[in-house]
Each structure stands twice: as structure tokens, then as C-alpha cells.
Amino acid sequence: MGYKLTANSAWRATRTLWLLMLVSLSVCVCVCRASSPQEDSAMENIVTEKKAEESHRQDSADLLIFIMLLTLTILTIWLFKHRRFRFLHETGLAMIYGVLVGVVLRYGIHVPRDVSNVTMSCHVNASPATLLVNVSGKFYEYTLKGEINANEVNDVQDNEMLRKVTFDPEVFFNILLPPIIFHAGYSLKRRHFFRNMGSILAYAFLGTVISCFIIGLLMYGCVTLMKQVGQLRGDFFFTDCLFFGAIVSATDPVTVLAIFNELQVDVDLYALLFGESVLNDAVAVVLSSSIVAYQPEGDNSHTFDVTAMLKSFGVFLGVFSGSFALGVATGVVTALVTKFTKLRDFQLLETALFFLMSWSTFLLAEACGFTGVVAVLFCGITQAHYTFNNLSPESQDRTKQLFELLNFLAENFIFSYMGLTLFTFQSHIFNPMFIVGAFLAVFLGRAANIYPLSFLLNLGRRNKIRSNFQHMMMFAGLRGAMTFALSIRDTATYARQMMFSTTLLVVFFTVWICGGGTTQMLSCLRIRVGVDSDQDNSMSIAEGSERRSTKQESAWLFRIWYNFDHNYLKPILTHSGPPLTATLPPCCGPLARFLTSPQAFENECQLKDDDSDLILTDGDISLTYGDITVSTDASGAHTSGGPGFAAAATVEDLDRELAYGDHELVMRGTRLVLPMDDSEPPFTDPHHRLRM
């Protein structure tokens, strides 16, 4: 009995134990099932955080590469300037460093392949920009990064690393180009620019269009020949050839101009080359957009159609004029704000407003469908002409230094990036036949721009463009930042990829070869260096040169514009110029008193140079304040008269007055030309400076 009782107790205990184990197992299974999604989600979050951290470190390393490139470039520039090496400019140096880093990134650094989690069999009929993928009930968003060559499918990680150092083309247009273009307009030496304005406009507008069509026609012949010999593997239409002609017609002789400035080359040659490069960038941008807008009706969009051509021409005029008006309007608004407010008492706010208004011009033009390059260029010219006079001395220095710094950094960054993309860009198409044809076309297009136009311009110029100047302008037609930015903006098609690769080689050759040989070319062409503009003008006057008078050197239209600007626009937009009460009719007295600032009345008889770079040697120098007219003659005597006195000097008197541009007195934005001998003692009493 005892044994049987013990066996039953053991059986019950065993059964109870098994039941407890089953219950515990069930509970564990339920708990595991409940916690499994949470653990999976936690693991996914950890993986995502790790990927984000790795991506952040990679982005920081990529930016560090460019910062180190700029740092190395600056140190080498100092060494070159210290040793006076002129065979290589800073931009060419930045490109060399970029090429070296690109070689290291392409062939020296290898990321281990990890394609175990890459799906190769997702078949879709198109390449959507955004892809939503359903994975076990969870939706994931993927963005399109670009096409990968079939031979490089296994090198996904390497492609990702190279793609990381390839910037979005919009970065160049919206961030790097605006300070470069604005600085070109803001630092424009307007005296020499306006003295050669007619020739500059001819080279920039007519010359760029001629160069575009010459290059486009020659490249179309080259492409046709390539198609005949089987060297063309994709579509390449005549509009593509014209587009290539437009983008490579944008000159950027930054290397040559820097050497010109350092060696003090003839100011007229500098003005012609600099003025052409500033304006033809804007023309090339609008011209390329007009070519893209060429859309004939019908199935074939690449046939010649008169209506479509006229429409493209209308787009060119509309975009250019609209961009011009927008840039000028922004500059005028900034001038009015700085004139009628007391922002000059807070220099930091004044500089910040100036910077933001200038930069927003580019973005506003692009948002409105115009061209930001044209808008920000003319905004810079307007800001320098009007707004600069309203700024405090501290803000004037700050704005000049700020945009000079931004221009230097942006330009060297772009040239460094050019060298980098030679090896990191993954869609290069180098065709030897196309490259040779492009170099030949660029050379002939530049020649068709310079020599025929120079011949025609010399027919109407007193100060001829000499043959050595023409050869130097031909040699100095370098391609640079604008050409690169236009070519990299769209690399989606076979034709655009071939154009981009060829454009890089054209930029490299012109910067390294033409830029590096500038000093030798100046010596070979016997172009004067070490020329000071003011001393050169006075020497020409003493020798009786034809350059003594700017009447023949400047367009009559500009002289009319200057008189209008001096008498009305300058007093309205700035604190400079004669009071509007003296220039407007008496019936506009209340409006004139409202628009004229108190400083204009206070400084009416004070001498101050507000605009030292402005060309004021054109037009009528006779000045009217109230009922008194002040003028000068060649002997330095001053005459005055009432309302009946002649308001303008004779042509001969004006020529004599304008001949002496070295010794000048300025009356609050108005430059009075007063010739003085070296032996004559300087004026010390302000009352003796002006006799009325």
C-alpha cells in the first residue's frame, strides 16, 4: 500500500511538472511572438542610425577634400607669388590638384564590395524618380541616383563613393556662380569700360552669336563625318551642335586678366577683354537657353522651321531684356532703401541687406523664368553705380572685400572640381574625332569673332584696335567656369555627355597652355606693360595724341545717358549730384524737395569723390546749381553766368576740358575737370577751389 501511494504521488507530481512546463513554454512562445516585431524594428532603427552616421562621416570627408584642395592651392599661390612664377595661374594650379585627387579617388581608394543585399531582378518599364517598395507590409522609398553601366554592376560601393564627390549641378548655378558674376559687375572699372563700350558690346553680342554659329556648323559637319565612318553611337542633332557652340563661346580669361592686372597692361586692351568676358557669359547663357527652346511643330523636332527660329529669337530678346530689367530694378530698390533709411548707422545690418538683396536677384530671376546670370551681372553694375554711394565707408569696404573673397573661393573651388570630375564623373564619352573637331571649331570661331569685327570697328574708331591687341584677344579667349557650369547642367543624353567630356578638355587646354603662355605672348607681340592709366592719359595729352578726347571714343548715346543720369537719376537714388530743385522744373518743386536728401543740400558746395571709378569724361561738364552755371576752360579759368549763360560748352572747349583727366575736383558726385600745372601749389582754402 505504501509503495502504491508513493507511485501515485510521483505520477501526480510528474504530471504537474509537465503541465507547468507546457504552460511556461506557451507563455514564452507568446512573449517571443509579441516581442519579435519590436526587436526587428529596433534592429532596423540601429542599422538606419549606423548608415546615417556613416553617410554623415562620408559627406564630411568629401567636403574636407575640397577644403584641403583650396588650402593647398592658396599656399602654393603664395609660393608662386613669392617666387614670381607666372607660367601657371592659381586656377590652373587648382585644376592640377583636382586631377591628382581624382586619380587617387578613382584608382587608389577601393571600398569592399557588399552586394549580398542588392536585388538584381526588379523589372520595371521606366525609371521613376521615386520608387515605393513593399517589403512584408512595410513601404520603403527609394530615389533615382542615375544609370549604372552594365559592366560596373558589381562595383556599386565604388560608384557610390564617386557619386558622393559629384555635386548637383544646381549647386554651381545657385551657390557658386552668383558671387562670381556679381563681383564682375561690382568691380567693373567703368571709366575704361564706357570709353570702349561700343566695341565691347559688338564683341559680346554680335561676336558671341557669330562664334556660336561658326562652331555649330563646323561641329555638325564633324558629327556628319563621324556618322559616315561609324564613330557615332547615338543621336547628335544640329541643335545639339549649336548648343555646344553656345556654351564654348563663353570666355572666362580670369588667368590672363590676373596677369594683365599684375603687369599693368594697356588699359584699353584690359577693358576690351574684361568687358567682353563679362557680357558674353550672359549672352552665352541666354543663347543656350534659346537654342533649347527651339521646338518646331510636327513629329520631327529637329527640322528647320522659320516660326520656331523666330520664336527662339523672341525668347532670346525676352529673357535677356527681362533679366536685365529685373537686375536693374533690384539695384534701384536697394539704392532707395539705403538712401531713405538710416541703415548706414548700423553697418552690419547695412552689409547684410546689401548681400541678401544682391544674391536674391539671381534666385528671383531663375524663379521667374529669366536668367540669373544676366540679372545678377546688371544688379552688380547698378549697385556699384548707385547703392555704393549710399553705403557707409565701413560697409563700402566690407562689401568689396566680401564679394572679392567669395569670388576667389568659388572660382578656385570650381576649377578644383573640374580636375576632380575628369576622373570621378562616370558618364564620360571621349571621342578623338569629336575632340579634334571641337578644338579646330573653337579656334576658328574665336578668329571669326575677333578679326572681322575688329576690322569693322576700326572703321569708326579714332583709337584703333591694333593688330597686336587683336592677336592677344584671340589668344586670350580662355574657357572656364561658365562653360563648365553650362555643360554639366544636363548630361542625360549621349550628345550632352560627349559635349561635357570634350568641354573639360577644352577648358584644361586653354587654362594651362593659353593662360600659362600669357607673359610670353605679351613679349612676343610687344604689348606695353607697366602702364598706369592716368599717366598714360596725361602723356597722350602732352604728345597731342588723338586719345585726348573721349568725345570720339564714347558713343553719343552714352553721352546723352550720362547727362540724364547725372541730372536726375543720381540725385533720386543717391545722396550725390545736384539737388533736384535745380534740375527739375519749378512746378515739380515739392516732389524735388521730397526726393532730394538733406545731404545733397548740405554737400552742395563740398568737394568729395563719391564715385572714383565712374567715367565722367563724357558729356556736358557745365554744371547748373540754381541760377548759377559753372564751367571750366583749358586755361583753368572758371566762368559763371545766369540763366542766359550757355548750358553747354562748345565741342572744342569740351575736348580741351576732357583732355585733362588727371587733376580733378569732385563736387558731391560731379567731377569738375580743372587742369593744373605741376608747379602750381595745391589749393588749401575751400573757398579758392571754386570761383563763382
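Along each chain, the written sequence defines residue order, and numbers are assigned to residues from 1. In keeping with the predicted nature of the model, local features appear solely for residues at pLDDT of at least 70, side-chain atom pairs appear and are counted solely at 80 or more, and the whole-chain, interface and lining totals rest on all residues. Excluding hydrogens and water, the side-chain values take into account all heavy atoms of the structure.

A. Broad picture of the overall build of the chain. Comment: elements are numbered from the N terminus, with helices defined as DSSP H or I runs of at least four residues and strands as E runs of at least two. Across its full length, the chain carries 25 helices and seven strands. Classification of residues uses two cut-offs on accessible area relative to the type maximum, computed with a 1.4 Å probe and protein chains only: under 20% is buried, over 50% is exposed, and between them is partly exposed. Per-residue burial over the chain gives 45% buried out of 692 residues. By sequence separation, contacts in the chain at least 24 residues apart represent 78% of the contacts at least 6 residues apart. In these tables, accessible area is a Shrake-Rupley quantity obtained with a 1.4 Å probe, and a residue counts as shielded only by the protein chains included in the view. If you sum the accessible surface of the chain, you get close to 35400 Å²; carbon and sulfur atoms cover 63% of it. The criterion used for residue contact is that any of the two residues' heavy atoms lie within 4.5 Å.

B. Just a nonpolar patch on the surface, in detail. Patch construction takes residues with relative accessible area above 30% that form no salt bridge. Like charges are linked within 9 Å, and nonpolar side chains (Val, Leu, Ile, Met, Phe, Trp, Tyr) are linked within 5 Å. The term salt bridge refers to a pairing of a side-chain nitrogen on Lys or Arg with a carboxyl oxygen on Asp or Glu at a separation within 4 Å. A cluster of nonpolar side chains, contributed by Leu218, Leu440, Phe443 and Leu444, occupies part of the molecular surface with about 370 Å² of accessible area. Tallying contributions element by element places helix H14 (residues 432–458) first for the nonpolar patch, with three residues. Among the structural elements, phenylalanine 443 can be located in helix H14.

C. Structural detail: the confidence of the model for the chain. Per-chain confidence: the chain averages 75 in pLDDT, with 67% of residues scoring 70 or above. Least confident of the elements in the chain is strand S6 (residues 664–667), whose mean pLDDT is 36; most confident is H14, at 94. The pLDDT value expresses, per residue, how confident the predictor is, ranging between 0 and 100. Under a pLDDT of 50 for its full length, residues 537–553 has, in the predicted model, 34 contacts with residues more than four places off or in other chains. Across residues 606–692, confidence stays below pLDDT 50; counting only partners more than four residues off in sequence or on other chains, it has 167 contacts.

D. Layout of helix H11 (residues 347–367). The terminal C-alpha atoms of H11, which comprises 21 residues, lie 30 Å apart, in line with the 30 Å expected from a rise of 1.5 Å per residue. Inspection of H11 places Glu350, Thr351, Phe354, Ser358, Thr361, Phe362 and Ala365 among the buried residues, and these make up the whole buried set. Contacts from the buried residues of H11 go to helix H4 (169–186), helix H10 (306–340), helix H12 (372–390) and helix H13 (393–424). Positive backbone phi, approximately 90°, marks glycine 369, located one or two places after H11. In this analysis, the expected span of each helix is defined as 1.5 Å times one less than the number of residues it contains.

E. Spotlight on the packing of H13 against helix H16 (residues 481–488). Fitted lines through C-alpha atoms give the axes, limited to the stretch in contact for helices. The angle between two N-to-C directions lies from 0 to 180 degrees. Where H13 contacts H16, the axes come no closer than 10 Å and their chain directions differ by 50°. As judged from the angle between their axes, H13 and H16 are oblique. Pair H13 / H16 crosses with left-handed handedness. Residue-level contacts link Ile414, Phe415, Tyr417, Met418 and Thr421 of H13 to Ala481, Phe484 and Ile488 of H16. Angles are sorted into four bins: roughly parallel if under 35 degrees, roughly antiparallel if over 145, roughly perpendicular if 65 to 115, and oblique for all others. Crossing handedness is read from the near helix: turned anticlockwise from the far helix by less than a right angle, it gives a left-handed crossing, and turned clockwise, a right-handed one.

F. Expanded view of the packing of aromatic side chains. Only Phe, Tyr and Trp rings take part, Trp by its six-membered ring, and two of them pair if their centres are within 6.5 Å. Stacked means planes under 30 degrees apart, edge-to-face means over 60, and tilted covers everything else. Tallied over the full model, the rule gives 25 aromatic pairs. With a centroid separation of 4.9 Å and 40° between ring planes, the pair formed by phenylalanine 66 and phenylalanine 413 is classed as tilted. Remark: phenylalanine 413 occurs in helix H13 and phenylalanine 66 occurs in helix H1 (residues 2–83); sequence separation between them is 347 residues. Residue phenylalanine 66 shares its accessibility class with phenylalanine 413, and that shared class is buried. Aromatic rings pair up to connect Phe182, Tyr186, Phe354, Phe355, Trp359, Phe388 and Phe403 into one cluster. Either the NZ atom of lysine or the CZ atom of arginine qualifies as a charge over a ring when it sits within 6 Å of the ring centre and within 35 degrees of the ring normal. Over the ring of phenylalanine 469 we find arginine 466; its NZ or CZ atom is 4.3 Å from the centre of that ring. A cation over a ring is seen here: arginine 489 above phenylalanine 173, with NZ or CZ 3.8 Å from the ring centre.

G. Fine view of unusual backbone geometry. Non-glycine residue arginine 526 carries a positive phi angle of around 60°. You can see arginine 526 is positioned in the loop between helix H18 (518–525) and helix H19 (533–542).

H. Representation of H14 in the model. With 27 residues, H14 should cover 39 Å at 1.5 Å per step; its first-to-last C-alpha distance of 39 Å lies within 8% of that length. For the purposes of these results, a polar contact is taken to be a pair of N or O atoms within 3.5 Å, where, inside protein, one atom must be able to donate a hydrogen and its partner to accept one; residues adjacent in sequence count only when each atom of the pair is a side-chain atom. Two or three places before methionine 433, at the start of H14, stands the capping residue asparagine 431, its side-chain oxygen 3.1 Å from that residue's backbone nitrogen.

I. Inspection of the environment of asparagine 468 at higher detail. In this fold, asparagine 468 is placed in helix H15 (residues 467–475). In this structure, the C-alpha to C-alpha distance between asparagine 468 and isoleucine 527, residues 59 residues apart in sequence, is 7.1 Å. Apart from the residues lying within four places of it in its own chain, the contact partners of asparagine 468 are Leu525, Arg526 and Ile527.

J. Structural detail: the nonpolar core. If you look at the biggest cluster of nonpolar residues, it comprises 124 residues, and the most contacted ones within it are Met219, Phe236, Phe260, Met472 and Phe484. If one sorts the elements of this core by residue count, helix H9 (residues 267–292) sits on top with 13 residues. The residues touching phenylalanine 260, leaving out its near neighbours within four places in the chain, are Val265, Leu269, Tyr270, Leu273, Met472, Thr518 and Leu522. The criterion is simple. A nonpolar core is a set of buried Ala, Val, Leu, Ile, Met, Phe, Trp, Tyr and Cys residues joined through side-chain atoms within 4.5 Å.

K. Just the pattern of salt bridges, in detail. Under the counting rule described, the total for this entry stands at five salt bridges. The residue arginine 446 makes a salt bridge to glutamate 276 at a minimum N-O spacing of 2.7 Å. Of this pair, arginine 446 sits in helix H14 while glutamate 276 sits in helix H9, and the two are 170 residues apart along the sequence. Given the relative accessible area of 3%, arginine 446 is considered buried. You can call glutamate 276 buried: its relative accessible area is 0%.

L. Layout of the environment of proline 393. Turning to its location among the elements, proline 393 is positioned in helix H13. Taking relative accessible area as the criterion, proline 393 reaches 49% and is therefore assigned partly exposed. As for proline 393 and arginine 344, which are separated by 49 residues in sequence, their C-alpha atoms are 8.9 Å apart.

M. Main features of the packing of H11 against H13. Two numbers describe how H11 lies on H13: the axes approach to 9 Å, and their chain directions differ by 45°. Taken together, H11 and H13 sit at an angle that is classed as oblique. Relative to H13, the crossing made by H11 is right-handed. Of the residues in H13, those in contact with Gln347, Leu348, Glu350, Thr351, Phe354, Phe355, Ser358 and Trp359 of H11 are Glu394, Ser395, Arg398, Thr399, Leu402, Phe403 and Leu406. Grouping the constituent residues of the contact of H11 with H13 by class yields seven nonpolar, five polar and three charged. Three categories are distinguished: nonpolar for Ala, Val, Leu, Ile, Met, Phe, Trp, Tyr, Cys and Pro, charged for Asp, Glu, Lys and Arg, and polar for the others, with Gly belonging to the last.

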